[in-house]
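Working through the structure, step by step
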Amino acid sequence: MNKIISVDKLSENVVRLEIEAPRIAKKRKAGHFVIVKLGLKGERIPLTISSSNPEKGTITLIIQKVGVTSHKISILKAGDEITDVVGPLGQATHVEKIGTVLCAGGGVGTAPLLPIVEAMKKAGNRVITVLAARNKELIILEKEIREYSDEVIIMTDDGSYGKQGLVTQGMEEIIQREKVDKSIIIGPAIMMKFGSMLTKKYNIPTEASLNAIMVDGTGMCGACRVSVGGVTKFVCVDGPEFNAHDVNFDELLMRLGGFKEEEYKAYQSYLEGLKKETV
Amino acid sequence: MENIAEYLKQERGQEWREELRKSMKPKERLSKDRVQMIEEDSFLRAQSHIEVNRGITVQMAVEEAKRCLDCPDPTCIQGCPVSINIPKFIKYVEKQDFALAARTLKETNALPAVCGRVCPQEKQCEASCFYTIKLKKIPVAIGHLERFVADWERNSGKMYIPEVAPSNGIKVAIIGSGPSGLAAAGDLVKLGYSVSVFEALHEPGGVLKYGIPEFRLPNEIVDVEIENLKKMGVEFITNFIVGKTATIEDLKAEGYQAFFAGSGAGLPNFMNIPGENANGIMSSNEYLTRVNLMNAAHDDYDTPVLFGKKVAVIGGGNTAMDSVRTAKRLGAERAMIIYRRTLEEMPARVEEVKHAQQEGIEFLNLNSPIEYFADKNGRVNRMRLQKMELGEPDDSGRRRPVPIEGSEYDLEADLVVVSVGVSPNPLIPASLPGLKMSRWGTIIVDDKEMQSSIPELFAGGDIVRGGATVILAMGDGRNAAAGIHRYLQNKNKK
Ligand SMILES: Cc1cc2nc3c(=O)[nH]c(=O)nc-3n(C[C@H](O)[C@H](O)[C@H](O)COP(=O)(O)OP(=O)(O)OC[C@H]3O[C@@H](n4cnc5c(N)ncnc54)[C@H](O)[C@@H]3O)c2cc1C
Ligand code: FES
């Protein structure tokens, strides 16, 4: 049981939870994630550790409401408990001083990006971050990202905030302006695919953090498998970050839809249930 | 070994045993037929998850016990990896003293209700029974009797909780709560150690929980055993991955003086053939975990599982049988085993194969997949198979399957479960650079006390053997417990 210390809403569909997890707080590094399970009948889902406070013994998780479990988590309150939290999982981000790092976060992908931006900055790099989302409301963690970035560019699809356009436009602007030594892209698979095609064009080494479907998170099931450079890898133990230019994003996109129908049905019936309760 | 023979002789010489032996002529014992396990109807059971084997009655058990000749040289015991005193427990059954029969089992076996259900007795004790080796007759149903006794005890409501020595305050950590870890924990707590079992998943039990299905080993039975260990003082810490949540070094700093790694062979193998990453193709670990641990087939649980109409399971082991029989229970119209050798070479237990056949599982033997095809959504819908024939025997002594050129054909399948073996879990080794490993990724230990190249770390079960059986894992756990005890006694003497 892990107690929730505080909850704040970052946007209509995104909340930030600070939860008690003293051991994980002590061990975690940028890039790590946890598996969370809510209730006896809950499913196990992966969530990136956005930040941690080892003295206080807490970690923060950022959750976007997209299905049954994320919805259930997003309506929890301070003082509630999360049944199971295990981690830190995955390989930590490889952090070194290399020069200029171009980070790109799409939508809720900004959450896993934040600790990397922070680590890269602390390692002495010049960090430029592009945040992208459909509209202003969906740009999250801007303040925190600014704290660790030398420059922040905001892109929205509808132009309601920052510049109008896609994440790749913001990235390309920087790449044409100055020398970029490394790029890190986190967001929806489709965004990572196009971002990675762009940096490949410019020969910039690029990492992407993959959001595969998981069950155990310990390498036991293979639900999270992806093809990287033609070889099957398990995101939970070999990743979550991989050389973006080697990732087969089309396969990832296809696999992310693996339970679409089941998930959609479950979410609809859950929402029905919620409606009935409130009536 | 000598004193064991002596001990067996003494036990056998006890008055009650002598009397029982005399109470019936060997000829009469030999003339009895072996008991038949009561099984749920194959049609009904394939539509539910209830246990297939229903157990045997008191009367059946006593009659079966009479078949045992109580041999002076009980070869059956040598066939048992944990050396259960088999004639003694069986004679207690004949005497109808089931509580003492249960206690006899527990002298050496911490999980008799589990072993009575999942051990390959036909390859172990029953293969070494006097009936089998000398008389060429059907052996005593040792496995059924073991299960009967364990169930009787559990249902009696008076489970015997072994006595525990006064606490010596020495902390020992068990990594992984599969059968090897549970066996080691049980022995160490009896010796007075303060034992913590760390488990990566949210529930303890290892493969017994997430792998072996309800219809073969109900989770409740495993839970009762875990409860008993708790009553004896074992602490279970779930959601804790040693090597990640804390390292062995961290735990040492917290006062743990010795470690047992029973972390299993968790990593599923795939065949790396084209199309294998399509949706609807998964490892048996994923399939069984979703269904068994996460209860995915129940509407009120959140984890999803894919239901298939035409399900192909690749492999011929217990895991493959469990997967294909699960698929049948989840509504598959065709549930098929695709195996590259023949029934004779199948590693699965004979009983599982028989049950699968009764339930209408199709066996496509001498077949191997070479490619998968998917629909526009990426969901598998067809597979290409190649026919095989058996060639010369390989290292394992089984005849090697050889592909037949030009024999390829296509088969429709909308769910494929890949069950072609597992590799050792790399989490522990990855966090211990100094640890000596084999080239298969298993931890190297001395085979008596299971000590690794790091003196305070002992290991057993699938992480050492690379995939074996419940009973071998338990035997390792017990040997390691004895090794840890000796190691700590020596260390703390200094
Ligand atoms: C589907 C299936 C059916 C089977 N059927 C039979 C059968 O009928 N008869 C039979 O004898 N055998 C059977 N087996 C084999 C048998 O289950 C295994 O040999 C046995 O369970 C191995 O036990 P173990 O203790 O080594 O590990 P496991 O049972 O694999 O347990 C290991 C545990 O350790 C945990 N763990 C791993 N790493 C860490 C870590 N770093 N920190 C904390 N915890 C960790 C894992 O989560 C797991 O719970 C079957 C196996 C499967 C998969
Ligand atoms: S989530 Fe099961 S292996 Fe990665």
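Values in this document were obtained by computation on a predicted structure and should not be read as measured data.

A count of helical and extended segments in chain A gives nine helices and 16 strands. Computed over its C-alpha atoms, the radius of gyration of chain A comes to 18 Å, within 12% of the 19 Å expected for a compact globule of 279 residues. The principal-axis extents of the C-alpha atoms in chain A amount to approximately 55 × 40 × 40 Å. Looking at the 279 residues of chain A, the share that counts as buried comes to 57%.

This part covers the environment of Met 171 of chain A. Residues and elements named next belong to chain A. One can find Met 171 in helix α5 (residues 167-177). Taking relative accessible area as the criterion, Met 171 reaches 0% and is therefore assigned buried. Separated by 27 residues in sequence, Met 171 and Leu 198 have C-alpha atoms that sit 8.4 Å apart. When near neighbours in sequence (up to four residues on either side) are disregarded, Met 171 contacts Leu 102, Ala 104, Val 130, Ser 183, Ile 185, Gly 195, Leu 198 and Thr 199.

What follows concerns the domain arrangement of chain A. Residues and elements named next belong to chain A. With domains assigned, chain A is organised as domain 1 (2-89) and domain 2 (100-211). Once you take the C-alpha centre of each, domain 1 and domain 2 turn out to be 24 Å apart. If you look at the interface, domain 1 gives 13 residues, while domain 2 gives twelve residues. Between Glu 144 and Arg 16 there is a salt bridge, and its shortest N-O distance comes to 3.0 Å. Linking domain 1 with domain 2 are two residue pairs in polar contact (both at pLDDT 80 or more). Among the elements that line the side of domain 1 that touches domain 2, the one with the most residues is strand β4 (residues 44-53), at three residues. Taken together, the residues of the side of domain 1 that touches domain 2 sort by class into five nonpolar, five polar and three charged.

Our next topic: the site of ligand 1. Residue and element names in this part refer to chain B. Around ligand 1, the surrounding shell holds 36 residues, and the nearest of these are Val 118, Ser 180, Glu 199, Arg 216 and Asp 462. A distance of 3.4 Å is found between an oxygen atom of ligand 1 and a backbone nitrogen or oxygen belonging to Pro 179. The contact in question runs from an oxygen atom of ligand 1 to an N or O atom on the side chain of Arg 216, over 2.8 Å. When ligand 1 sits alone it has 1,000 Å² of accessible area, and the protein chains cover 95% of it. Of all the elements in the fold, those that place two or more residues in the shell around ligand 1 are α12 (179-190), α17 (318-329), α19 (427-431) and α21 (470-493). Per-element tally for the shell around ligand 1: the top contributor is α17, with three residues. When its residues are assigned to classes, the shell around ligand 1 shows 17 nonpolar, 14 polar and five charged. When residues of the shell around ligand 1 are assigned to domains, at least three map to each of domain 2 (171-266 + 424-493) and domain 3 (268-422).

On to the pairing of strand β7 (residues 84-89) of chain A, then. All names here are of chain A. The buried fraction of β7 is high, at six of six residues. As paired strands, strand β3 (residues 33-37) and β7 are joined by four bridges and run antiparallel to one another. Its bridge partner being in β7, Ile 35 is matched across the sheet by Val 86.

On to the environment of Leu 69 of chain B. Residues and elements named next belong to chain B. For Leu 69, the location among the structural elements is in the loop between α5 (58-67) and α6 (75-78). Along the backbone, Leu 69 and Ile 338 are 269 residues apart, and their C-alpha atoms lie at a distance of 42 Å. Look past the residues within four positions of Leu 69 in its chain and what remains in contact with it is Arg 21, Pro 26, Arg 29, Leu 30, Phe 130 and Tyr 131.

This paragraph deals with helix α16 (residues 284-293) of chain B. Along an α-helix, residues three or four positions apart point the same way, because every turn accommodates 3.6 residues. By the criterion of burial, α16 of chain B is predominantly enclosed, with ten of the ten residues buried. Just past α16 of chain B, the residue Asn 295 of chain B takes up positive phi, approximately 55°.

Right, let's get into the interface of chain B and chain A. With 40 residues of chain B at the contact, the number on the chain A side is 40 residues. Taken over both partners, the interface formed by chain B and chain A buries close to 3,400 Å², and the fraction arising from carbon and sulfur atoms is 54%. When the area that chain B buries against chain A is broken down by residue, the three leading residues are Lys 244, Asn 277 and Asp 302 of chain B, summing to 21%. Counting every contact that joins chain B to chain A gives four salt bridges. Linking Asp 302 of chain B and Lys 72 of chain A is a salt bridge whose minimum nitrogen-to-oxygen distance equals 2.9 Å. Applying the counting criterion to the chain B and chain A interface returns 19 residue pairs in polar contact (both at pLDDT 80 or more). Those elements giving two or more residues to the side of chain B that touches chain A turn out to be β7 (267-268), β8 (281-283) and α16 of chain B. No other element matches the four residues that α16 of chain B contributes to the side of chain B that touches chain A. Residues of the side of chain B that touches chain A, tallied by class, amount to 18 nonpolar, 14 polar and eight charged.

This brings us to the confidence of the model for chain B. In the predicted model, chain B carries a mean pLDDT of 93, and the fraction of residues at 70 or more is 99%. We note a pTM of 0.92 for the whole complex and an ipTM of 0.91 for its interfaces.

Let's shift gears to the sheet that holds strand β6 (residues 81-82) of chain A. Residue and element names in this part refer to chain A. Reading across from one edge, β6-β1-β2-β5-β4-β3-β7 is the order of the seven strands in this open sheet, with antiparallel pairing throughout. Every other strand in the sheet has two partners, leaving β6 and β7 as the edge strands with one partner each. Where strand β2 (residues 14-20) and strand β5 (residues 58-64) come together, seven bridges link them in antiparallel fashion. For Glu 18, the partnering residue across the bridge sits in β5 and is Thr 60. Packing against the sheet, helix α3 (residues 110-122) makes contact with β4 and β5, and its axis sits at approximately 35° to β4.

All names here are of chain A. Relative to the helices and strands, Thr 199 is located in helix α6 (residues 189-201). Looking at Thr 199, its side chain comes within polar contact range of the main-chain oxygen of Ser 196, at 3.2 Å. Not counting the four nearest positions on each side in its chain, Thr 199 is found in contact with Met 171, Ile 175, Ser 183, Ile 204, Thr 206 and His 245.

The subject of this paragraph is the domain arrangement of chain B. Residues and elements named next belong to chain B. Each assigned domain of chain B is listed with its residue range as follows: domain 1 (4-156), domain 2 (171-266 + 424-493) and domain 3 (268-422). Looking at the side of domain 2 facing domain 3, the largest losses of area belong to Tyr 210, Phe 215 and Arg 216, adding up to 47% of the total buried there. Here domain 2 is connected to domain 3 by two salt bridges. Put simply, domain 2 and domain 3 have five residue pairs in polar contact (both at pLDDT 80 or more) between them. Per-class residue counts for the side of domain 2 that touches domain 3 are seven nonpolar, five polar and four charged.

Residues and elements named next belong to chain A. Viewed as axis vectors pointing N to C, α5 and α6 meet at an angle of 20°, and their least axial separation amounts to 10 Å. By the angle between their axes, α5 is roughly parallel relative to α6. As for how α5 packs across α6, the hand of that crossing is right-handed. Facing Val 167, Thr 168, Met 171, Glu 172 and Ile 175 of α5, the residues of α6 in contact are Met 191, Phe 194, Gly 195, Leu 198, Thr 199 and Lys 201. Grouping the constituent residues of the contact of α5 with α6 by class yields six nonpolar, three polar and two charged.

Next up on the list: a nonpolar patch on the surface. All names here are of chain A. Where nonpolar side chains cluster on the molecular surface, the patch consists of Ile 190, Phe 194, Met 197 and Leu 253 and spans about 350 Å² of accessible area. It is α6 that contributes the most residues to the nonpolar patch, three residues altogether. With respect to the secondary-structure elements, Met 197 resides in helix α6. Accessibility expressed as a relative area gives 46% for Met 197, which makes it partly exposed.

Rules used throughout
Residues numbered from 1 in each chain as written. Chains lettered and ligands numbered in written order. Predicted model: local features only at pLDDT ≥ 70, side-chain atom pairs only at ≥ 80, totals over all residues. Heavy atoms only, no water. Helix = DSSP H or I, 4+ residues; strand = E, 2+ residues; numbered from the N terminus. Rg over C-alpha atoms; globule rule 2.2 N^0.38 Å. Buried < 20%, exposed > 50% of the residue type's maximum accessible area, 1.4 Å probe, protein only. Contact = heavy atoms within 4.5 Å. Domains from an automatic or database assignment. Salt bridge = Lys/Arg side-chain N within 4 Å of Asp/Glu carboxyl O. Polar contact = N/O pair within 3.5 Å; in protein donor to acceptor, adjacent residues only side chain to side chain. Nonpolar A, V, L, I, M, F, W, Y, C, P; charged D, E, K, R; others polar. Near = heavy atom within 4 Å. Areas by Shrake-Rupley, 256 points an atom, 1.4 Å probe, with all protein chains shown as cover. Pairing = 2+ DSSP bridges. Buried area = accessible area lost by both parts, 1.4 Å probe. pLDDT = per-residue confidence, 0-100. Axes fitted to C-alpha atoms, helices over the stretch in contact; angles between N-to-C directions. Parallel < 35°, antiparallel > 145°, perpendicular 65-115°, else oblique. Left-handed = near helix turned anticlockwise from the far one by under 90°. Patch = residues over 30% accessible without salt bridge, like charges linked within 9 Å, V, L, I, M, F, W, Y side chains within 5 Å.

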